[in-house]
Each structure stands twice: as structure tokens, then as C-alpha cells.
Amino acid sequence: MASRCGQQWRDALANHVVFVRLREQAGSRRPGRALIRNLMLTLGDDLCVWDGERAGLHCVSLKGLTGDEPELSSYQTLLCINAPLFEIQQVLLSPLQHHVALVGTKGLMVLEVPKRWGKNSEFQGGEKTVNCRTIPIAERLFTSSTSLTLKHAAWYPSESPEPHLVLLTSDNSMRIYSLKDPLTPVKVIALSEPEEENTVLPKARSYTASLGETAVAFDFGPLVAVPKNLGGQRGKEVMAYPAYILYENGETFLVYINLLQSMGNIGKLLGPLPMHPAAEDNYGYDACAVLCLPCVPNILVIATEAGMLYHCVVLEAEEEEEQTSEKSWDQRSDSIPSLYVLECVELELALKVVSVETEDTLESDFSCPIRLHKDPVCSARYHCTHEAGVHSVGLTWTNKLQKFLASDEEDKDSLQELSAEQKCLVEHILCTKPLPCSQPSPVQGFWIVSDVSLGTTLICITNTFECITRPLLTTIRPASPPLLCSQMDSGIKESPLRILAESQESFEKHIRGVLSRSTANPALLRASDKDTSPPPEECLQLLSRATQVFREEYILKQDLAREEIQRRVKFLTGQKTKQLEDLSNCREERKSLRETAERLADKYEDAKEKQEDIMYRMKKVLRSFHSQLPVLSDSERDMKKELQMVNDQLEHLGTAIKQVKMKMEYQQKQMKNGKSPRKTSIALSSFQRKCIQTFLKEEGEHIQAMVKQINDIRTHVTF
């Protein structure tokens, strides 16, 4: 049901009136090379696309497209009251989803998201056009300096009620602004002039930083505890967000940022971070993007314009290194983390076509900036957008890495061996430059819809504002939580069914490994200019390349997988036959055991009855034996003494009872005659009469208790 619902809204979204109008606007523009942008995001269930001509966000309800009759003409527009004067290159959603940052190279503006109410929880109750308040950030800074440009911007990751924006400008500075005071930065971090006090140099000082290399991108990692020798406070743990800053020469610096504290080295530049193993070219000089995956430990992805991706594991400095750093002029430089490059991946930006004449692969020298995007569903997966399409990269060795770091092994140089067994999975999802003669068609929007009811879907907007949706069906999935059965005692033997289940899982992994592809045929887009058609030679090369990929990466591997499955089926068929025979034998044995159990149950009942009869006879014999003994036992002697005492007490009580009866008869006679035994002229008061009555009542109760006791003694003596 969910897959059918997802297919409905994916088919209807491309034909929505918003994208139809945006395609018309794109067709009326002047032809020219466009830049890669990201003009799309989601607010709840609404997909929002930036419209530069109207200076607003068009919001389309995705759940409104899931019915039998999708609403292809219904949408809302969030207009800016103060429209930005610069071209928007990126839209960023704040952590609390209350603000949207409109980012351009010459400025930045924040749009406040309006409130929702009504039946369908729409903006402002469902108004078609909603005016939204906008806040210009660092407006004075960009207007006063015409040469200053904004290279990168991001929201401060803290989910506090007061959001902050972090700006990286071309003057090699990071500025943090609050929405309460958008003109004055809260904190300024200088990324140049390493001779200043706010920079900590390593032992091997980089000369490229001294020659004026500038930062190009940064990304925040999850909240961590700052090392004690860097936090500035002894005995107290200081929490901060690590910001990894990438320079154009490939070096990575680190800044711990905490807006509430600034002691020690918090807010100061640390680095460059050492990279292992070291390379002569420092892994390239055209770095353009960095991404920190929220794994444990953190994994940094560094991208270059040539299409190279470096997967680096961030590991803290060892204690031995910190203790042997006395020769360094600053011991704090040895406590910064290190980057261990586990894997190097080369993206196929432009398709490598095959020459028809020589049957050789034609290499392309195409290069372009790359943008990296996190995946909200799986932390071990990320996506790359560039002028030639979209790639998806999944890291398959993260679980092995966590197990390796949790072990007691100390040789961290063997980290590179972890990724050698199983490489990362690279999927070429969309190609906008299929031929060498094709013009670059940069992606204008990219987003991942993670709603469960809608299905995990990748949405991409091309240069002509054509909406392309693809379900994410990759084999990379987030790690499942451990089961309760996995925490059992290691001494308990595993059952055969569990062993069989584990073997089936390993076979599934084996089939996935057989079907894994190193190259794929992405979705190809036709050229935007219909008048120009590619040469037939290049079309034939592209067809040959696609045929070769289908033959080698699809058909051949499917044949191998089919052979493995057939071999497995034969093996399982033999096992099934043997298990059926064992099952029939077990059934016969169970039948015989059941009959034996019934016979044993009957014998047990007979033995139980005989045992009860013997016990009764033994008790009877013991009773008669004790009754015929000529000597009294101690208990019998005690009982005899007690009976004699009771007899004496009975005589005494009998005499007392006779006296009481005589008094009672005398009183009854006097009452009948109406004469009192004594005539006295003394008059009793009411209090005295009451006291006498109370005394007589108590004596009567005492007599009654004595009579009852006598009767009990008589009964006991009689028995």
C-alpha cells in the first residue's frame, strides 16, 4: 500500500502546475551556463521550491497528491516582504524548522516560516499567498565591500530557541550571527594569519597556509566533549560542536564552537589535522566540499572538483603521543584529532564512452564543483550533486570499523585494510551530461523525502526545472538495534535453526556481493536545446557504453547469481530430503515414547496406591504397639498429672457452684415473698444503685465464665 501511494505522488509531482510554470520561466531566460544550486526543501509534508522571479517559496502538499485524483493545481506561495536583491543559490532549513535561510554569493536573508492552522494544517489557514517577514543578515558587511563574497553558510546545529547562522566569507573569516542582532556578529573566527595567538600550529607547519590559501567549505560534527588540555577548565567537562574547515589545498582545520563559553582554545583555529597515510600532493589541491557523517567515530568526506572523494575517519590523539610531545613548542598541537584516509573513490562525472574504432574507453577531463548532502534516513550514506548529475554513496564498512575500534588492537595503521574487503557502493542516479559534446546541466534542487507513508524518495530538479523522483532502494541501511537473544550467555549452545538462519543471511550477503555493480547506467536527460542534436558517432559510443555496462554489470552478474542460487537450491533440496526422513523417524520415536509414557503413568498410579496402603498399615501397627507397652511414657505421665490436677479443680469448682446455687435459691425465694433479707431504712442514691448493678453484672459474668470453664473441663475429662 505504501509503495503504491509513493508511486502515485511521484508520478503526479512532475506534472504539477508549479514545475510547469518554472519550466516556462526557464525556457524564456537567456541561454548561458548556469551554476549548481539547491533551491528545494521540505517543510513537514510540503515540498517548497524557490521562485526567483516572484521572490517566494512555492509549497506543494505531497500528501495531497496521493489520492485517486491528485491536486495538481493546489499550492501556497510564501512571499518575502523584503525581496532579496541578490541571486539565491541555496535554501537552508533551520534545526527547529521555523526559519529558512536564503543564501547567495552576495548576501544572506532569513525568511520566517508562518504558522499553520486549519483542517489540513496549512500556512495561515490555507491562504494562496502568504507574506513572510525577512531578516537580512550581515547586510552592512556585504554592501560596504563589493568584492566580499559568501562562500558557505550553515545553521548553528544547536536546537536552541535563538537560532544562529555561521558564514564563511572570501576574506577567510567565519562569522556567527544571531537573528536578534543580524548586523553585528556574535563571534568572528579568523582563518588566516596563523602567526596570531588564536591559531595553534602543528609540528610540521604547512607552507601553503602561509601563502594565502583560503577556506572553501566547513561542516559541523555532533556535540562532543572538548579535550581537557584544550577546554581551559580543569576537572570540568566542556561540550562544544566541532567545525571541520576545508581549505582549497586539501588541508582540514578544526574549531570547537560553543556560544556560551570561550575559554581556552574554544573558538580558536586548530590544525591542520594530520592525515594518514601521508601523500605528496596532500590528496589534491582542488578541494571544494566537506561533509561530516554523524557516525561513531565521525567520518569526514572530502570532495575535489576532479571527482575524487576521500573517506577519512576522525580519531583522537593517543595518550602516548601526548606524553612524548614535550619537545613541541605547544603541547596542545599534539592533542588535535587525526584523519585516517580509509578509502578513495573517483566519481564518473561525465560518462566514459567506448570508441567504436579502437574499442577503448575515452577518458574525459571534465571537472566541476561538487556539493555533498547528508541522508536523513541512513547515517552511513550521502549524496553528491554537481553539474553532470547526481551520485549516491553508501559506506558498507562502518559496522566493521566500530567493531575494530571497540577491540583492544592498538595498530591503527591497519585501518586501511577494513575497506579493502568491501568497497563502498556508488550509484550513478542521474546523468545530465551523457556525451562529451553535451553542455553541463547543473542540478537546481535536491532533497530526500524521509516520510514513512510517502516512502524514502530522492527528488531532483534539473536545469530546466524538470522534477525527477527516484525511490532509494539501495542495499545500505541503518544498523538495526541488537536483539535480546544476542545478549545471551556465550556458554549456551546455539540451536540448529539459528545456525541455519545465519547461514541463509550469509548467502544473501554473498548474492548481494555477486550482484554488486561498480558501474551503472544512470537516468539520462535529453538536451535542453532541441535544435542541436549530438553527432551520430557520439550517440553510437554512448549506445556501445550502455550495452557494455548492461552486458558486464547486469546480465553477466545475474547469470552468476542464478548459478549460485541453483547450486544453493540443490544443496537445500538434499537437506530437505534428509530432514524429512529425520522428521518421520522423530514422529515414530515420539509415538513410541508416548506409549511408554502412558505405561509408566499407569505403573506410577498403582505404585502410589500401594504406597498409601502400606503407610496406613504402618501407622496402625505403631499405634497398637504403643498401646500395649507396660511402661508409661513421659508424655503419658504428664497427661496423668494434668488430669489429676483437673479433677481437684473440678471438686473445688463444684463446691463453689453449690454455694452459688444456694445463694441464688435464697434470693429467688426472697423475691417471690417480696421481702428483703434485711430491712434497712437507708435510702440508696442513684449513683450507688448504678455501682451495685455494675458489680452484680460483673459477678454474673464471672460466674457464667466459671460455669463454661467447668463444662469444658467435664467434656475434656469425659473424653
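Scroll up for the structure.
Reading guide: rules and limits
- Residues numbered from 1 in each chain as written.
- Predicted model: local features only at pLDDT ≥ 70, side-chain atom pairs only at ≥ 80, totals over all residues.
- Heavy atoms only, no water.
- Helix = DSSP H or I, 4+ residues; strand = E, 2+ residues; numbered from the N terminus.
- Contact = heavy atoms within 4.5 Å.
- Pairing = 2+ DSSP bridges.
- Axes fitted to C-alpha atoms, helices over the stretch in contact; angles between N-to-C directions.
- Expected span 1.5 Å × (residues − 1).
- Buried < 20%, exposed > 50% of the residue type's maximum accessible area, 1.4 Å probe, protein only.
- Arc of directions from axis to C-beta.
- Phe/Tyr/Trp six-rings, centres within 6.5 Å; stacked < 30°, edge-to-face > 60°.
- Lys NZ or Arg CZ within 6 Å of the ring centre and 35° of its normal.
- Salt bridge = Lys/Arg side-chain N within 4 Å of Asp/Glu carboxyl O.

## Some details on the environment of Tyr177
Following the sequence through the fold, Tyr177 ends up in strand S14 (residues 173-178). Counting along the chain gives 12 residues from Tyr177 to Leu165, while the straight-line C-alpha distance between them is 5.3 Å. Not counting chain neighbours up to four residues away, the residues in contact with Tyr177 comprise Ile137, Ala138, Leu141, Pro163, His164, Leu165, Leu167, Pro182, Leu183, Thr184, Pro185 and Val186.

## Remarks on the sheet that holds strand S3 (residues 56-61)
Spatially, 5 strands are ordered S1-S2-S3-S4-S10 in an open sheet, and the strand pairing comes out mixed. The open sheet has two edge strands with one neighbour each: strand S1 (40-43) and strand S10 (129-132). For this sheet, the mean angle separating the axes of adjacent strands, direction not counted, is 25°. With 4 bridges connecting them, S3 and strand S4 (residues 76-80) associate as antiparallel partners. Bridged to Leu57 within S4 is Leu78. Of the strands in this sheet, strand S2 (46-51) and S3 touch helix H2 (residues 17-27), which is tilted by about 20° from S2.

## Side note on helix H11 (residues 634-673)
In this model H11 runs 59 Å from its N-terminal to its C-terminal C-alpha over 40 residues, within 8% of the 58 Å that 1.5 Å per residue would give. Turning to H11, its buried residues number three or more, namely Val646, Leu650, Leu653 and Gln670.

## Topic: the sheet that holds strand S15 (residues 187-190)
Ordered by their spatial adjacency, 4 strands build an open sheet running S12-S13-S14-S15, and the pairing between neighbours is antiparallel. What marks the edges here is a single partner per strand, and that holds for strand S12 (150-155) and S15. Each adjacent strand pair in this sheet contributes to an overall mean axis angle of 15°, direction not counted.

## Details of helix H7 (residues 398-406)
For H7, every residue scored as buried is listed here: Thr398, Leu401 and Phe404. Seen from one end, H7 has its buried residues packed into an arc of 120°, which puts them on one side. The exposed residues of H7 that point more than 90 degrees off its buried face are Lys403 and Ala406.

## Side note on the packing of aromatic side chains
Geometry of an aromatic ring pair is reported as the spacing of the ring centres plus the angle between the planes. Enumeration over the complete set of coordinates arrives at 4 aromatic pairs. Ring centres of Tyr156 and Tyr241 lie 5.3 Å apart, and the angle between their planes is 75°; on these two criteria the pair is classed as edge-to-face. In this pair, Tyr156 is assigned in the loop between S12 and strand S13 (164-169) and Tyr241 in strand S19 (residues 239-247), connecting sequence segments 85 residues apart. Overall, Tyr156 belongs to the buried group, its relative accessible area being 7%. With a centroid separation of 4.6 Å and an interplanar angle of 45°, the aromatic rings of Tyr247 and Phe253 are classed as tilted. In this structure, Tyr247 and Phe253 share a single accessibility class: buried. Here the aromatic residues Tyr156, Phe218, Phe220 and Tyr241 are joined through ring pairs into a cluster of three or more. Over the face of the ring belonging to Phe123 we find Arg116, whose NZ or CZ atom lies 4.0 Å from the ring centre.

## Overview of the pattern of salt bridges
Using the criterion set out here, one finds 12 salt bridges in the structure. Lys63 is the salt-bridge partner of Asp45, the closest N and O atoms lying 3.5 Å from each other. Here the residue Asp45 occupies a position in the loop between S1 and S2, and Lys63 occupies one in the loop between S3 and S4, the gap between them amounting to 18 residues. Given the relative accessible area of 39%, Lys63 is considered partly exposed. The salt bridge involving Lys578 is made with Asp582; its shortest N-O contact spans 2.9 Å. With a gap of 4 residues between them, Lys578 and Asp582 both fall in helix H10 (residues 536-627), about one helical turn apart. With a relative accessible area of 44%, Lys578 lands in the partly exposed category.

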